[in-house]
Amino acid sequence: MKYYKLVVPCHMGLEAVLKREITDLGYDVTQVSDGRVSFAGDADAVCRANICLRTAERVLIKIGSFTATSYEELFQGTKDLPLEEFIPADGKLWVTKASSVKSALFSPSDIQRVMKKAMVERMKAAYHKEIIPETGLEFPIRVFLYKDEVTVALDSTGMSLHKRGYRKLESKAPIAENLAAALIMLTPWKADRILIDPFCGSGTIPIEAAMIAAGVAPGMHRDFNAKAWTHLIDPGNWTDVIEECEDNIDLNVETDIQGYDIDPDMIAIARINAEKAGVGDLIHFQARDVADLSHRKKYGFIITNPPYGERIGEKEDLYSLYRTLGRRYKALDDWSMYMITSFEDAQKALGKNADKNRKIYNGMIKTYFYQYLGAKPPRRRDTAGERHE
Ligand SMILES: C[S@@+](CC[C@H](N)C(=O)[O-])C[C@H]1O[C@@H](n2cnc3c(N)ncnc32)[C@H](O)[C@@H]1O
């Protein structure tokens, strides 16, 4: 069985959640670095990681790495990579993205151009050809330079993994699906606990929570680059993983997941998206101002992404919006609240400092995930005397 070195990028600040997901799938993580987690796996692992990981951005198959501080070294290092072990003679190959941190070489376009030339040279020599036709399957390659170490990998995913396929319609400032899933997974929320997103927009947080509750794998209804690479991955591997995922779905799970938004158009969009994700029956959506937020039960969770002010809403209105949220939260009995925002005065406006706080990059925007921890429900004993949370 052939083993690959797999590199999985994620949002900066969420490496620990992704690491836990990979470990839960049964793989040994070999390295964790800024915005990336690595592990080794076979063809099945490539399918499983693409279909099942909720917090990943994509799954890369590492071809190799080397050091380069000049374009000559970059050319030679690339030419030494065993491309032919992954790419057939007629494969179309190009560097789709190059990124560089703390390295002598930093121009993405120059890195892409030099590497393309070197890759063509390698393919010509490996396949004893004068010309590489590039008329066959596509092999997009991603490159990252960190402290002059060049890592070269095939992109097995294609369109980013946050695109699950259910969000055809969006709010003006939607949160990425993989970020929403990671936020939920950073909390102790479980399917049997109440969850409300009072600023749900197109429904991403409630939908991701419902998918977690029902065991719906995030990548079940989308395509991946590597599906076409049948010389590396048998098509049976994909169907096996999908069938296993289908068996794991439980749409009868009891949930209390609610999504509110002041904008009724958003609520209509959220309902459509939830239906598309297959979890429409597990979420209650309602047009409601955060000023009217209430719940009669104890020990619930607010997990939310309120307006930041960068993209929507006026900065001046934000303070009073967060103050209202703070008041409504205070009136809830023993609830926890988890909130991602880049609004600097969020804690001040809320009237309370968070118990915990985590820096997360949402694209280029530095945000904080504020965590207000409520009381845990009392443990109860069942008839067999076993204790439950
Ligand atoms: C950053 S967006 C949330 C995006 C959402 N997470 C998504 O993925 O689509 C903030 C949402 O807050 C809503 N909003 C603004 N003021 C509100 C209020 N007073 N009460 C409830 N919702 C409000 C907006 O309509 C907007 O959809």
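Note that the structure is a prediction, hence the values are computed from the model and not measured. (Residues numbered from 1 in each chain as written. Predicted model: local features only at pLDDT ≥ 70, side-chain atom pairs only at ≥ 80, totals over all residues. Heavy atoms only, no water.)

A. Main features of the pattern of salt bridges. In the structure shown here, the tally under the stated rule is 12 salt bridges. A salt bridge links Glu-121 to Lys-124, with the nearest nitrogen and oxygen atoms 3.6 Å apart. Of the two residues, Glu-121 and Lys-124 both sit in helix H4 (residues 108–127), 3 residues apart, roughly one turn of that helix. Because the salt bridges share partners, they merge into one network encompassing Asp-44, Arg-48 and Glu-244. (Salt bridge = Lys/Arg side-chain N within 4 Å of Asp/Glu carboxyl O. Helix = DSSP H or I, 4+ residues; strand = E, 2+ residues; numbered from the N terminus.)

B. Region of interest: the packing of helix H5 (residues 177–186) against helix H6 (residues 204–214). Relative to each other, H5 and H6 sit at 65°, their axes nearing to 9 Å. Read as a crossing pair, H5 and H6 show a hand that is right-handed. Side by side, H5 and H6 meet where Glu-177, Ala-180, Ala-181, Ile-184 and Met-185 of the first sit next to Thr-204, Ile-205, Glu-208, Ala-209 and Ile-212 of the second. Residues belonging to the contact of H5 with H6 are distributed by class as follows: 7 nonpolar, 1 polar and 2 charged. (Axes fitted to C-alpha atoms, helices over the stretch in contact; angles between N-to-C directions. Left-handed = near helix turned anticlockwise from the far one by under 90°. Contact = heavy atoms within 4.5 Å. Nonpolar A, V, L, I, M, F, W, Y, C, P; charged D, E, K, R; others polar.)

C. Structural detail: the site of the ligand. Lining the immediate environment of the ligand, one finds 23 residues, of which Ser-171, Ser-202, Thr-204, Asp-261 and Asn-305 sit closest. Between Ser-202 and the ligand, the recorded distance is 2.6 Å, taken from a side-chain N or O atom to an oxygen atom. In this structure, Asp-289 approaches the ligand through a side-chain N or O atom, which is 3.1 Å from a nitrogen atom. (Near = heavy atom within 4 Å. Polar contact = N/O pair within 3.5 Å; in protein donor to acceptor, adjacent residues only side chain to side chain.)

D. Layout of the domain arrangement of the protein. Annotation of the protein at the domain level lists domain 1 (4–155) and domain 2 (177–215 + 250–381). Using C-alpha coordinates to define each centre, domain 1 is positioned 36 Å away from domain 2. The interface of domain 1 with domain 2 comprises 12 residues on the first partner and 15 residues on the second. Summed over both sides, the interface between domain 1 and domain 2 buries roughly 1100 Å², with carbon and sulfur atoms accounting for 60% of that surface. Taken together, the links from domain 1 to domain 2 amount to 0 salt bridges. Between the two partners, domain 1 and domain 2, sit 5 residue pairs in polar contact (both at pLDDT 80 or more). Residue composition of the side of domain 1 that touches domain 2, grouped by class: 5 nonpolar, 3 polar and 4 charged. (Domains from an automatic or database assignment. Buried area = accessible area lost by both parts, 1.4 Å probe.)

E. Quick peek at the sheet that holds strand S1 (residues 4–9). Taken in spatial order, the 7 strands line up as S2-S3-S1-S4-S7-S6-S5 in an open sheet, and their pairing is mixed. Looking at the sheet topology across the chains shown, the edges are occupied by strand S2 (29–33) and strand S5 (92–101). Averaged over all pairs of adjacent strands, the angle between strand axes in this sheet comes to 30°, irrespective of strand direction. As paired strands, S1 and strand S4 (residues 60–67) are joined by 2 bridges and run antiparallel to one another. The residue of S4 that forms the bridge with Val-7 is Leu-60. Helix H2 (residues 43–52) contacts S1, strand S3 (36–41) and S4 of the sheet and is inclined by roughly 10° relative to S1. (Pairing = 2+ DSSP bridges.)

F. Quick peek at H5. Judged by how many residues are buried, H5 sits mostly within the fold: 9 of 10 residues are covered. Elements in contact with the buried residues of H5: helix H1 (15–24), H6, strand S11 (301–304), strand S12 (336–341), strand S13 (356–362) and strand S14 (365–372). (Buried < 20%, exposed > 50% of the residue type's maximum accessible area, 1.4 Å probe, protein only.)

G. Structural view of the sheet that holds S14. Read from one edge to the other, the open sheet built from 7 strands follows the order S10-S9-S8-S11-S12-S14-S13, with strand pairing classed as mixed. A single partner strand is all that each edge strand has here, and the edge strands are strand S10 (283–287) and S13. Strand-to-strand, the axes of this sheet are offset by a mean angle of 20°, without reference to chain direction. Here 5 bridges tie strand S9 (residues 257–261) to S10, and the two strands are oriented parallel to one another.

H. Focus on H6. In terms of burial, H6 is a largely internal element, 10 of the 11 residues being buried. Regarding H6, the residues found buried are Thr-204, Ile-205, Pro-206, Ile-207, Glu-208, Ala-209, Ala-210, Met-211, Ala-213 and Ala-214. Just past H6, the residue Gly-215 takes up positive phi, approximately 70°.

I. Highlighting the pairing of S13. Direction of pairing for S13 relative to S14: antiparallel, over a ladder of 7 bridges. Paired with Lys-356 across the strands is Gln-371, a residue of S14. Counting the residues that bridge the hairpin from S13 to S14 gives 2 residues, and of these Gly-363 lies at a positive phi of roughly 65°.

J. Representation of a negative patch on the surface. A cluster of acidic side chains, namely Asp-234, Asp-240, Glu-243, Glu-246 and Asp-247, defines a negative patch on the protein surface. For Glu-243, the position within the fold is in helix H7 (residues 235–248). Note on Glu-243: relative accessible area 47%, which makes it partly exposed. (Patch = residues over 30% accessible without salt bridge, like charges linked within 9 Å, V, L, I, M, F, W, Y side chains within 5 Å. Areas by Shrake-Rupley, 256 points an atom, 1.4 Å probe, with all protein chains shown as cover. Lys, Arg positive; Asp, Glu negative; His and termini not counted. Charge placed at Lys NZ, Arg CZ, Asp CG, Glu CD.)

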